[in-house]
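Listed here are the chains, written in short residue letters.
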Number of protein chains: 2
Amino acid sequence: MDTHDVRFPTSRELDGSDAMNPDPDYSAAYVVLRTDAPDKVCGHGFAFTIGRGNDVQVAAIDALRSYVLGRTLDELCADPGSVSRDLVGDSQLRWLGPEKGVLHMAIGAVVNAVWDLVASRQGKPLWKLLADAEPEWLVRQVDFRYLTDALTPSEALDLLWAGKRGAAERESALRQHGYPAYTTSPGWLGYGDEKLSRLAKEAVADGFTQIKLKVGADLQDDLRRCRAARAAVGPGVRVALDANQRWDVDQAVQWIRALSEFGPYWIEEPTSPDDILGHAAIRRAVAPVRVATGEHVQNRIVFKQLLQAGALDILQIDAARVGGVNENLAILLLAAKFGVPVCPHAGGVGLCELVQHLSMFDYVALSGSTEDRVIEFVDHLHAHFRAPVRIRDGRYAAPTEAGFSAEMHPASLAEFSYPDGTYWRADRATRQEATQ
Amino acid sequence: MDTHDVRFPTSRELDGSDAMNPDPDYSAAYVVLRTDAPDKVCGHGFAFTIGRGNDVQVAAIDALRSYVLGRTLDELCADPGSVSRDLVGDSQLRWLGPEKGVLHMAIGAVVNAVWDLVASRQGKPLWKLLADAEPEWLVRQVDFRYLTDALTPSEALDLLWAGKRGAAERESALRQHGYPAYTTSPGWLGYGDEKLSRLAKEAVADGFTQIKLKVGADLQDDLRRCRAARAAVGPGVRVALDANQRWDVDQAVQWIRALSEFGPYWIEEPTSPDDILGHAAIRRAVAPVRVATGEHVQNRIVFKQLLQAGALDILQIDAARVGGVNENLAILLLAAKFGVPVCPHAGGVGLCELVQHLSMFDYVALSGSTEDRVIEFVDHLHAHFRAPVRIRDGRYAAPTEAGFSAEMHPASLAEFSYPDGTYWRADRATRQEATQ
């Protein structure tokens, strides 16, 4: 097991800037599981952070080393969930969460690396491996602890067997047409109106039927930016808004009502991701504007309650926030049970690459639908991945490469490893010269 | 700023064993803020963990170094909350929570060390410093973000001014009689029935009017242990139960009902600390048994919702889980607003030493009552602290030493630092001999 602290200097261009995150340096606490198989097959995974603290995230992954070393490929292929269960179930590590924050994201990185390894070994893209799996096997991959008041294993099994009906046709449709996407590229808070309008028009020309704007820093700015965006895309394109947790409950309601003349499709993260009851209150007050959240929701237990409380119109999974594929299976099952569409969070570093597999599995073999479902797309940093996402006509093309699309190029690791990669060394040298 | 990874081998005696934590090694990720003041006054704080991962917790504290170095004592004394605001508000670090898990506990450790420093500098125990403070100043120490739908700054100010009435009399009573305690020492899951009965009788003889038993691993064992405990203490002593998050919602209800014949006073942590709606459902089903939780509740936002949802009879703050004194002030204010008694979690390493200050402040200058309020007491590891708690007749004596009672003896650090303290070196040598 190798770990890497990889940081990209995205704050220089205000890519990714929003009301809570003015200057993110998109980063990955990256892990590689090596094997001594004849083909040297590896597994890759990562936690996504936005800069400072990525070293802490790497330290947390390093702390999990003894839980994965020495396992056999056969054991992992038969039951990838064994790693998830051992890590989540370790009582001493559990104290550091439980099931939340740095330690849980570290578990997610390692668990995702195991799934990348397993899918690579089996020669299938992850979405296809999951879609082909026996429902009984998939149910055993899920930890139902704390879920059974909302979803039992036997209900999950029924959902998965129902998802098998028509799966072959949907797989064929997916391979032919891909999966719908929307784009956030026009809407970063640090972009000027001209850039916003230009990128919004480009998005429509590129085939996207939904864009997203960051809001929440200044209401007058938001009114102006929403007007510019709506003018750029016309009435037929969905414009979603994202407040990145900026507001308290009452403030959220007032702000969203003020922006409602521009017909926003959803409001994302109007308040704290921990505030289940707050999201429910906001949703009641701002309908028909939809409420979306999930990228910072810490685990399946909070998602369960968001669904139980009727707090969500749209559930946004993130591939690298929770405890990996196994926990995201639980969350997809919960969403299917409650009939709420899943529109994943992506962007950052490699989040598009990962999460597309989960939505594609969901379409082929669980919810069976792409209606009102879109995967976020942001056009940053894909070139660092060996199997980058492919977008055609505003849709994600189904990955055909084996694995979870998590592998970064060795050259990217060498350049952007922090603090000793070539980029950061050169950056320090430049700064030192400037101060001399 | 110095940090230490301190671990005590408590698993050897099954001290602290419960249904979720069979073998904890009570540990502290300990931080010391040094100054160049003439008297070399220092601040001490820590996060509490139960062993593995304490190194990750230390790494997280180390990542906060640049946020505290170079501040002046005058600045900190005027506004200790400035450190809390800068740490919680850092957008890049925030991504690692937000406000939860390893990073948030690290913030709590540093913020508590700042308060230890400030109280030491001002020559007062922390409870007295807080009780003497101007309500306007205290309100400025609180982060109301995400709370205003339940508690506004002006409501908080009203509560604190109301708390000033009679404060002098209560301070005098506190100094004379102390603050009520209960003890968990008899009830660890790893103890046999004979040890349980003996310790329970000793607890009553020592003046405690409430004890607590760990439950949740095996129902037949729990029935037997509850029977033994009730027989040992008689009908007039409260017996609280603690499941340490072991159950799903429906299972919790069934298990608690099965134990209700022994008249349990409260059931603590019946399910996941993240499950607000689950706690509310359990509470509705098991009344008159009270529901208590909080030691693993990640922040003020979850406490807010537990209160809004009517999920709690008893709110259990922990001094070292959330973001330090500032966030615990918010939580005490929320509890006062909702009229729910606070019975802190303690035990572990130094948690009794810290949390007594918060309850004593609450009694003197906020809720104004000790009715149905007890601080947990566990008689472990106090000797490692310079100002250990003092228990008399089942009550905590009010600390008289300046500070937050967080300072450990240098000799304890030298012995139990991991992995190079004298205890752990000798332990490794013994194990190596045994395997040779």
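What counts as what
- In this numbering scheme, every chain counts its residues from 1 along its sequence in written order.
- Chains and ligands are labelled sequentially in the order written, the chains with letters from A and the ligands with numbers from 1.
- The model is predicted, so local features are restricted to residues of pLDDT at least 70 and side-chain atom pairs to those at 80 or more, both for listing and for counting; the totals for chains, interfaces and linings are taken over all residues.
- Each side-chain value is derived from all of the structure's non-hydrogen atoms; neither hydrogens nor water enter the calculation.
- In DSSP terms, a helix is any run of H or I states spanning at least four residues, a strand is any run of E spanning at least two, and both are numbered starting from the N terminus.
- Note that the radius of gyration is over C-alpha atoms, with the globule rule given as 2.2 Å times the number of residues to the power 0.38.
- Contacts are assigned to residue pairs with any non-hydrogen atoms lying within 4.5 Å of each other.
- Surface exposure here means Shrake-Rupley accessible area, sampled with a 1.4 Å probe, where a residue is shielded only by the protein chains that are shown.
- A residue counts as positive if it is Lys or Arg and as negative if it is Asp or Glu; His and the chain ends are not included.
- Charge coordinates come from a single atom per side chain, which is NZ of Lys, CZ of Arg, CG of Asp or CD of Glu.
- Strands pair, by our definition, only if DSSP identifies at least two bridges between them.
- Every axis in this analysis is a line fitted to C-alpha atoms, fitted for helices over the stretch in contact. Angles between the N-to-C directions lie between 0 and 180 degrees.
- UniProt positions are given in the numbering used here, feature names are shortened, and annotations may be inferred rather than shown by experiment.
- Buried surface area refers to the total accessible area, computed with a probe of radius 1.4 Å, that the two partners give up upon joining, counted for both partners together.
- Every case where a carboxyl oxygen of Asp or Glu lies within 4 Å of a side-chain nitrogen of Lys or Arg is listed as a salt bridge.
- Definition of a polar contact: a pair of N or O atoms within 3.5 Å, with one able to donate and the other able to accept a hydrogen when the atoms are protein atoms, and with sequence-neighbouring residues admitted only if both atoms are side-chain atoms.

Novice: What exactly am I supposed to notice about the overall build of chain A here?
Specialist: A count of helices and strands for chain A gives 19 helices and 12 strands. The C-alpha atoms of chain A give a radius of gyration of 21 Å, which matches the 22 Å a tight globule of 436 residues would have. Taken over the C-alpha atoms alone, chain A extends approximately 65 × 60 × 45 Å along its principal axes. Taking contacts inside chain A between residues at least 6 apart in sequence as the whole, the part at least 24 apart equals 74%. Accessible surface computed for chain A: about 14,500 Å², of which carbon and sulfur atoms make up 49%. Between the averaged position of the 46 positive side-chain charges in chain A and that of its 59 negative side-chain charges there is a distance of 2 Å.

Novice: Quick question: what am I supposed to make of the sheet that holds strand β2 (residues 27–33) of chain B here?
Specialist: In sheet architecture, strand pairing relies on hydrogen bonds along the backbone and comes in two forms, parallel and antiparallel. All names here are of chain B. One open sheet holds the 3 strands; their spatial order is β1-β2-β3, and the pairing between them is antiparallel. Whereas interior strands pair on both sides, the edge strands pair on one side only; in this sheet they are β1 (2–7) and β3 (43–49). Here the strands of the sheet are splayed against their neighbours by 20° on average, with no regard to which way each runs. In this structure, β2 lies alongside β3, joined through 7 bridges in antiparallel fashion. Looking across to β3, one finds that Ser-27 is bridged to Thr-49. Running over the sheet, helix α1 (residues 54–62) touches β1, β2 and β3 and is turned about 165° from β1.

Novice: Is there a simple way to think about the UniProt feature "domain: Mandelate racemase/muconate lactonizing enzyme C-terminal" (unreviewed entry) in chain A in this case?
Specialist: According to UniProt, the "domain: Mandelate racemase/muconate lactonizing enzyme C-terminal" (unreviewed entry) feature falls on residues 193–289 of chain A. This span, residues 193–289 of chain A, is 52% helix and 13% strand, and a straight line between its end C-alpha atoms measures 24 Å.

Novice: It is not clear to me how the interface of chain A and chain B should be interpreted in this structure. Could you clarify?
Specialist: It is common to report an interface's size as the accessible area lost on association of the parts. Facing 62 residues of chain A, the contacting portion of chain B comprises 62 residues. Regarding the contact of chain A and chain B, the summed buried area is about 5,100 Å², with carbon and sulfur atoms giving 53% of it. Considering only the surface of chain A that becomes buried against chain B, A:Arg52, A:Gln92 and A:Trp95 emerge as the three largest contributors, covering 18% of it. Counting across the interface, chain A meets chain B through 6 salt bridges. Ionic pairing is found between B:Asp90 and A:Arg52, a salt bridge with its closest N-O pair at 3.0 Å. Counting across the chain A and chain B interface gives 38 residue pairs in polar contact (both at pLDDT 80 or more).

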